[in-house]
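These are the residues of each chain, in order.
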4 protein chains.
Amino acid sequence: MSAHETVEIAGHLMDHGILSLVLDDIREYGGDYTIDRFDVGRETDDPSHAVITVTAEDDEELQRLLMRLQTRGVNQVDPGEATTAEADRDGVFPDGFYSTTNLDTRVRVDDRWLDVENPEMDCGLIVERDAGGAATRVYTLPMSDLRVGMQVVVGASGVKVSVPTPDATGGAFGFMESEVSSEKPHAVLVRQVADGMREAKAEGKKVLWVGGPGVVHTGAAPALVALVHAGYVDVLFAGNALATHDIESALYGTSLGVDLAMARGVEHGHEHHIRALNTIRREGSIRAAVDSGVLTSGIMHALVTHQKSYVLVGSVRDDGPLPDVYTDVIEGQRAMRAQLPGVGFCIMVATTLHSVATGNILPASIPLVCVDINPATVTKLADRGSSQARGIVTDVGLFLEQLAVELVPGYRRS
Amino acid sequence: MSAHETVEIAGHLMDHGILSLVLDDIREYGGDYTIDRFDVGRETDDPSHAVITVTAEDDEELQRLLMRLQTRGVNQVDPGEATTAEADRDGVFPDGFYSTTNLDTRVRVDDRWLDVENPEMDCGLIVERDAGGAATRVYTLPMSDLRVGMQVVVGASGVKVSVPTPDATGGAFGFMESEVSSEKPHAVLVRQVADGMREAKAEGKKVLWVGGPGVVHTGAAPALVALVHAGYVDVLFAGNALATHDIESALYGTSLGVDLAMARGVEHGHEHHIRALNTIRREGSIRAAVDSGVLTSGIMHALVTHQKSYVLVGSVRDDGPLPDVYTDVIEGQRAMRAQLPGVGFCIMVATTLHSVATGNILPASIPLVCVDINPATVTKLADRGSSQARGIVTDVGLFLEQLAVELVPGYRRS
Amino acid sequence: MSAHETVEIAGHLMDHGILSLVLDDIREYGGDYTIDRFDVGRETDDPSHAVITVTAEDDEELQRLLMRLQTRGVNQVDPGEATTAEADRDGVFPDGFYSTTNLDTRVRVDDRWLDVENPEMDCGLIVERDAGGAATRVYTLPMSDLRVGMQVVVGASGVKVSVPTPDATGGAFGFMESEVSSEKPHAVLVRQVADGMREAKAEGKKVLWVGGPGVVHTGAAPALVALVHAGYVDVLFAGNALATHDIESALYGTSLGVDLAMARGVEHGHEHHIRALNTIRREGSIRAAVDSGVLTSGIMHALVTHQKSYVLVGSVRDDGPLPDVYTDVIEGQRAMRAQLPGVGFCIMVATTLHSVATGNILPASIPLVCVDINPATVTKLADRGSSQARGIVTDVGLFLEQLAVELVPGYRRS
Amino acid sequence: MSAHETVEIAGHLMDHGILSLVLDDIREYGGDYTIDRFDVGRETDDPSHAVITVTAEDDEELQRLLMRLQTRGVNQVDPGEATTAEADRDGVFPDGFYSTTNLDTRVRVDDRWLDVENPEMDCGLIVERDAGGAATRVYTLPMSDLRVGMQVVVGASGVKVSVPTPDATGGAFGFMESEVSSEKPHAVLVRQVADGMREAKAEGKKVLWVGGPGVVHTGAAPALVALVHAGYVDVLFAGNALATHDIESALYGTSLGVDLAMARGVEHGHEHHIRALNTIRREGSIRAAVDSGVLTSGIMHALVTHQKSYVLVGSVRDDGPLPDVYTDVIEGQRAMRAQLPGVGFCIMVATTLHSVATGNILPASIPLVCVDINPATVTKLADRGSSQARGIVTDVGLFLEQLAVELVPGYRRS
């Protein structure tokens, strides 16, 4: 009782190994295939086009395989109409729900193609209808935000995705073809990241930063402050640690473990840390501490005075935390999502936790760079589906220093 | 206008470099010292005793330095009485509050020494009094749990700490003298960890496990299940990821990225992951899924059927999450603290986030082993004050396999 | 004035992304291509076949590109005859020499196809002729062994390579499809490596081990000794360090830094190290030390008593060295090459230097496993052309312990 | 039948934990001790002085323990006269030979104290006498250079060592107090390394560089070339790889794996690599290739044209090698030793093998910085006895770029 469907994919299938990945997927899901047609690009720049019949054990398996193939940009030749089912329980998708990719997606409802709002991976697709029953919008929704009565797309029918072409994400990011490596001429990479940020700003888009406390430990705070002043930091996603260490450094001249001015280690400066937290809690918020003159320097100070946004989300290892921190992680995710519209470039620096968290909610269409001294961080990001993520394995402190030299006229560490 | 105080420390000061660390601390805090008396242990096993006068710029600096020195086991010769101040705001300590260590601590109030309940680092000390105004108990309290009107110890006066002697924590853990290293004969270490667990159980204490999803990825789940069956897992602290990957593996035979039976990679099996979450959410809880026969194997299943405790605390990168997960991290920390009484041994496996979180709340008196393939995890734990943490840099899968062979009669992977 | 050539490749081109890599190569070398024919395997198991016309700027560029493509298994449709040039200087190849791959290779000379002896990468191909001028053999030769008058193949004409099919190298090594990862169920991998060794022995082939001093530091020496006894170690390639630490351990019960029996660190045990070296130097050789009863246990002792071969090659950081060590690295390489005939399985453990050195001279047809706690070692091996290398990122001590349990009946660490 | 000896040590024993290490050593060697006198420095800056009686099982054990203690700067109160024994075999020290430290050392022969020439660890001490039998010099000699008839010091009597005081090595290197860490403000460290080099040059001393191929891969070659031009590179120790990749880059614009101008990866560019080697071999030497106009840029070109020295020592993984490479590692070590006189600063960049090799032969009195993105390299160096080594865990490319900006007027990457 096998089920089958005919799918197609077009593009530079040979150059980027996409077709191989597609066939691998089919085998991994226990399916089978016949290549019905394969028009190979004859010359170097010609696109290829493949039509493949996919077979699975039953329709449920087939639907799941088809969803899987969509992450590669493979669509059904005849996608048909989307099927929906009504949520019968808060926070629980109906069986067979369509699990989203982070690609640009369209859904055919009532014979019309609607663009999906806010592409985000691992979500459901919600179809909204007007009073007359006509579909008005389709948007992604995370599991925990689902409410009874919502219409959820089930199965892969009626859904089409578009894979960004390398040129589209590309621009200055040609380098991004390359893999994670610590053996790269980083001075050149610095310039390419700078170009990416300049392009985003030129297009009126926001630059999103995701940072860990290593930004402070490596002495990169002055560089980041300069980048805030120069307008290259529109939003910061971070945790309690980055903000606390930055504030501790501003209040006491130390952060957990390092005397920044003297480049000397200060072992376990817990006590400063906990007092810095208490001080800001007394003020009520970081902004209040800036307004009252208690906090007069550092990254958080710069963000506040330049009216930039930040979303601090807590974690189980937090001390304090700062009053601005979302202690509920699901609420924190919502606050992060609210900042995504208008983002045109994302840079992740020295954090695995918040990088993966941001990668989870970011559309694949936004250029994404991950900078870390640890290759595992970048690898983890790509492994979890942020295939557009490009990694730079380098020293965060020196990298941000160089980036500031590149982007901020007259920048030179005093 | 300098301030000074005479402090003392006793023990094997020379052997373990403690005195050096004490003098380093004084310099780091900008203080000065005179060694008034130093009775050195003449023979190899004799303890030493030092009396030191410490000087700081002013009393505030002095008090902070004295608190710092307490983390080394240095107490005032004449500690005096503890001073308290009343909290005037929820979640904010009074200025100059005593910031705790994770050492056994006593506080002198009303001329009586009271043992501090629940030693935990980076907390305040709360003094409770009866109707007649007599102090009845002193306990640690994290910043965020403070309420207006509570009496908080300020300054270092009236506080004494005891550093655990190596013998006391030691027993089988003589190996723990050694530093983090991947160049260690791990087969021997396996046996020593097994001995530590046996001792804890023999004393009627609980064994606390802290784990990351790597436990599942490395194929160690069967070994951990066997250890649950054999009674060597009383409590598990973890995040959404370990539980979800375990459940995904139980439901679909895969976890994010690995086909465990075939040892083949399954790239980004997101879709299984998100469906496993949805399945358990539909059941309402992990226990409900076990009861209804939906979940029939794996680590979480074993914990539920053996009536063992687990605390799952969420993080910003979570999908779902599982219904059992604390999405508020502060509530999660409280749930973790509630499990600590009776713990006699703690093992942390393949997680940085939850290891540091647990290290933050664990008394220094509980033997603590951290097992990870990444040396940085162990280093980070020790850097943050869990000085009793001993690291084993090894493959988690093979380590737990060996540990099960050691502890579970007849264990052999089928 | 461009040059062009028609090439072909057959096999599972889609499944393993080979064709993509081929087209990438052409672009990287500044060439261009037209796909003349592409017969795609219609069903899952059908092979594909591609015919491609490659264009380069001039013939020199073209020849180099063609050599490059041969590393992928791409051959000229009409390979023609090999051209040779005579070496006019010792140790220097003629211009345009054919630079070899480590694949099975055939060369057409005088209208006959001759199999190349000893496939090895980065060598030249030497054609030997009999008195009558007829070609009798073709073999690889490293640059430094070339002598004036030898006939060296130049250009890519007349050369054909065969890529091993996954099935051919495979057998038990299906796991080898997977990439380097520390997130793998290693217990299963242990069994697969054991199967690979058993197969090699069953076929009458030798098992080659390449090891670093970490074998001794991790306490794996007893396991390796048991494997020697059981016949699973035919040849060992190593440096001065492994042998010295093994002998130091045998003589003094310590190795550089670790007391193996007590699992305690012995910091910088240099003095033992240097005395162990002196002791063996006094005996004249490791074998002499075994014969005279000075060396009575350990890995080197086991190899000597079981008449197994070892090649120890020195490095610039060596103390001593042991009298058996080749201090000239080129002579050492020759000694290693002399051991390769008959090798059917190769395992590399805890060494980057000797792993890369062995990878350089090993034919691609020999199954190759690399075990290290550091992912970078395995990555480096693959990056340098040992594409058959499969990595297992794990603890060497526990891995060899498990391997001994698997392969040696009755093995259990005393 | 125990043996004992009274030893002493002076200095900042408490501050740097030295005394603890000494007592640890005694225990590790199975000895026992009594602290006879301990004059503790009363004020912060006062030195301490300890007199300790050390007991061991027999005189042989005692002598070895005393040698061990000398690595900490512990000397016998009554050192007596040195005893010598005649070498009876080439390359083999007499039993009980004194194994050297890398500290400044003096030896008392014939009632006179002689300074040891060329302090180097793990060597023997050779006493030379004039015709009349009077001792004229004492020098270190590695095992392999020993010849029959030489007089070798045995036992620890008559030998005194001096530990460098932090101030003496220090100067600008105050930062060097701190441990290996990737969480350091590296911009400050760059300046401190620059100061160290300036000081060495100001004192007329040489700056020794030890480098790995990562220098080329990270795009740091232009920075290093600028530093050669500016006079901050007097000697380079490296292997075949650094020189070959540098030359390959100069000849073809690529190195193994990276297109430096475009920051794009070039996978396995073996073929360029092997041709670059062949080209230089044809010229006869690197200098000849510069003279003939074949090699016109890069690091090796800069060293040749500026008349700077380099020592390239081969390893077992080498292709080629370049004609300038010492293929015999013991000869290579000799060539390296010959360059040490006059060195006032040593920097090691992106190499473990050559860093350890240089650490082995370098006196402890020479300031030593090790820069690597991998913390393990630095740790390994310190573990092997180069206690003066200070580590900077950072990106080599950006670090050298910054160092060139700091040291070379007008330097800015074109």
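Heads up: the structure comes first, above all this text.
Description of the structure in this document. (Residues numbered from 1 in each chain as written. Chains lettered and ligands numbered in written order. Predicted model: local features only at pLDDT ≥ 70, side-chain atom pairs only at ≥ 80, totals over all residues. Heavy atoms only, no water.)

## A closer look at the relation of the copies chain B and chain A
When chain B is fitted onto chain A, the two copies agree to an RMSD of 0.0 Å after a turn of 180° and an axial shift of 0.0 Å. Look at the turn and shift together and you get a two-fold axis relating the two. For chain B, the minimum C-alpha distance to the rotation axis belongs to Asp328 of chain B and amounts to 2.0 Å. (Least-squares fit on C-alpha atoms with pLDDT ≥ 70 in both.)

## Structural notes on the packing of aromatic side chains
Per the stated rule, a full pass over the model turns up six aromatic pairs over all chains. Where Phe93 of chain C meets Phe97 of chain C, the ring centres are 4.7 Å apart and the plane angle is 25°; that geometry is what we call stacked. Look at Phe97 of chain C and you get buried, because its relative accessible area is 1%. Geometry around Phe97 of chain D places Arg275 of chain C over its ring, the cationic atom sitting 4.6 Å from the centre. (Phe/Tyr/Trp six-rings, centres within 6.5 Å; stacked < 30°, edge-to-face > 60°. Buried < 20%, exposed > 50% of the residue type's maximum accessible area, 1.4 Å probe, protein only. Lys NZ or Arg CZ within 6 Å of the ring centre and 35° of its normal.)

## A few points about the nonpolar core
One finds Trp209 and Leu403 of chain B together with Trp209 and Leu403 of chain C to be the most contacted residues of the largest nonpolar core, which totals 133 residues. If near-sequence neighbours (up to four positions away) are discounted, Trp209 of chain B is found in contact with Met197, Leu224, Leu227, Tyr232, Val233, Val235, Leu236, Phe237, Ile347, Val349, Leu400 and Leu403 of chain B. In terms of nonpolar packing, the next biggest core, distinct from the first, is built from 131 residues, Val190 and Leu398 of chain A together with Ile274 and Met300 of chain D among them. (Core = buried A, V, L, I, M, F, W, Y, C linked by side-chain atoms within 4.5 Å. Contact = heavy atoms within 4.5 Å.)

## Some points on helix α4 (residues 186-202) of chain C
Given 3.6 residues to a turn, an α-helix orients residues that are three or four positions apart in the same direction. An ideal rise of 1.5 Å per residue puts 24 Å on 17 residues; α4 of chain C measures up with 24 Å between its terminal C-alpha atoms. Residues His186, Ala187, Val188, Leu189, Val190, Gln192, Val193, Ala194, Gly196, Met197 and Ala200 of chain C constitute the buried set of α4 of chain C. Against the buried residues of α4 of chain C lie α14 (396-407) of chain B together with β12 (206-211), β18 (343-349), β19 (368-372), β20 (389-393) and α14 (396-407) of chain C. Immediately beyond the C-terminal end of α4 of chain C, within one or two residues, lies Gly204 of chain C, with a positive phi of roughly 75°. (Helix = DSSP H or I, 4+ residues; strand = E, 2+ residues; numbered from the N terminus. Expected span 1.5 Å × (residues − 1).)

## A closer look at the interface of chain B and chain A
Counting residues at the interface gives 61 residues for chain B, matched by 61 residues for chain A. Taking both partners together, chain B and chain A bury about 5,700 Å²; carbon and sulfur atoms supply 49% of that area. Interface area lost by chain B to chain A is led by Arg275, Arg282 and Val316 of chain B, which between them contribute 13%. If you look at where chain B meets chain A, you find 22 residue pairs in polar contact (both at pLDDT 80 or more). (Buried area = accessible area lost by both parts, 1.4 Å probe. Polar contact = N/O pair within 3.5 Å; in protein donor to acceptor, adjacent residues only side chain to side chain.)

## Some points on the packing of helix α4 (residues 186-202) of chain A against helix α14 (residues 396-407) of chain A
Residue and element names in this part refer to chain A. The N-to-C vectors of α4 and α14 enclose an angle of 55°; their axes lie 9 Å apart at closest approach. Judged by the angle between their axes, α4 and α14 are oblique. When the axes of α4 and α14 are compared, the crossing they make is right-handed. Side by side, α4 and α14 meet where Val190, Arg191, Val193, Ala194, Met197 and Arg198 of the first sit next to Phe399, Gln402, Leu403, Glu406 and Leu407 of the second. (Axes fitted to C-alpha atoms, helices over the stretch in contact; angles between N-to-C directions. Parallel < 35°, antiparallel > 145°, perpendicular 65-115°, else oblique. Left-handed = near helix turned anticlockwise from the far one by under 90°.)

## Digging into the sheet that holds strand β11 (residues 159-162) of chain A
Residues and elements named next belong to chain A. Taken in spatial order, the seven strands make up an open sheet running β5-β10-β8-β9-β7-β6-β11, and their pairing is mixed. Two strands bound the open sheet, and with one partner strand each, they are β5 (83-86) and β11. Between one strand axis and the next, the sheet turns by 35° as a mean value, whatever way the strands run. By the bridge criterion, two bridges tie strand β7 (residues 112-117) to strand β9 (residues 135-141) in an arrangement that is parallel. Directly across from Val116, in β9, lies its bridge partner Val138. (Pairing = 2+ DSSP bridges.)

## Quick notes on a negative patch on the surface
There is a patch of like negative charges on the surface, built from Glu57, Asp58, Asp59, Glu60, Glu61 and Asp95 of chain A. Residue position: Asp59 of chain A is located in helix α2 (residues 59-70). (Patch = residues over 30% accessible without salt bridge, like charges linked within 9 Å, V, L, I, M, F, W, Y side chains within 5 Å. Areas by Shrake-Rupley, 256 points an atom, 1.4 Å probe, with all protein chains shown as cover. Salt bridge = Lys/Arg side-chain N within 4 Å of Asp/Glu carboxyl O. Lys, Arg positive; Asp, Glu negative; His and termini not counted. Charge placed at Lys NZ, Arg CZ, Asp CG, Glu CD.)

## Concerning the pairing of strand β9 (residues 135-141) of chain B
Residues and elements named next belong to chain B. Most of β9 sits out of view: five of its seven residues are buried. Pairing analysis gives six bridges linking strand β8 (residues 124-129) to β9, with the strands arranged antiparallel. Looking at the pairing, Val127 lines up with Val138 of β9. Remark: five residues form the turn of the hairpin made by β8 and β9, two consecutive strands paired antiparallel; Gly133 in that turn has positive phi of roughly 85°.

## Section: the sheet that holds strand β6 (residues 104-109) of chain B
Residue and element names in this part refer to chain B. Spatial strand order, β5-β10-β8-β9-β7-β6-β11: seven strands in an open sheet with mixed pairing. Whereas interior strands pair on both sides, the edge strands pair on one side only; in this sheet they are β5 (83-86) and β11 (159-162). Within this sheet the neighbouring strands show an average axis-to-axis angle of 35°, counted without direction. One ladder, built from four bridges, connects β5 with strand β10 (residues 151-154); its direction is antiparallel. Bridge pairing in β10 places Glu86 opposite Gln151.

None of the figures reported here should be taken as evidence of function without further support.
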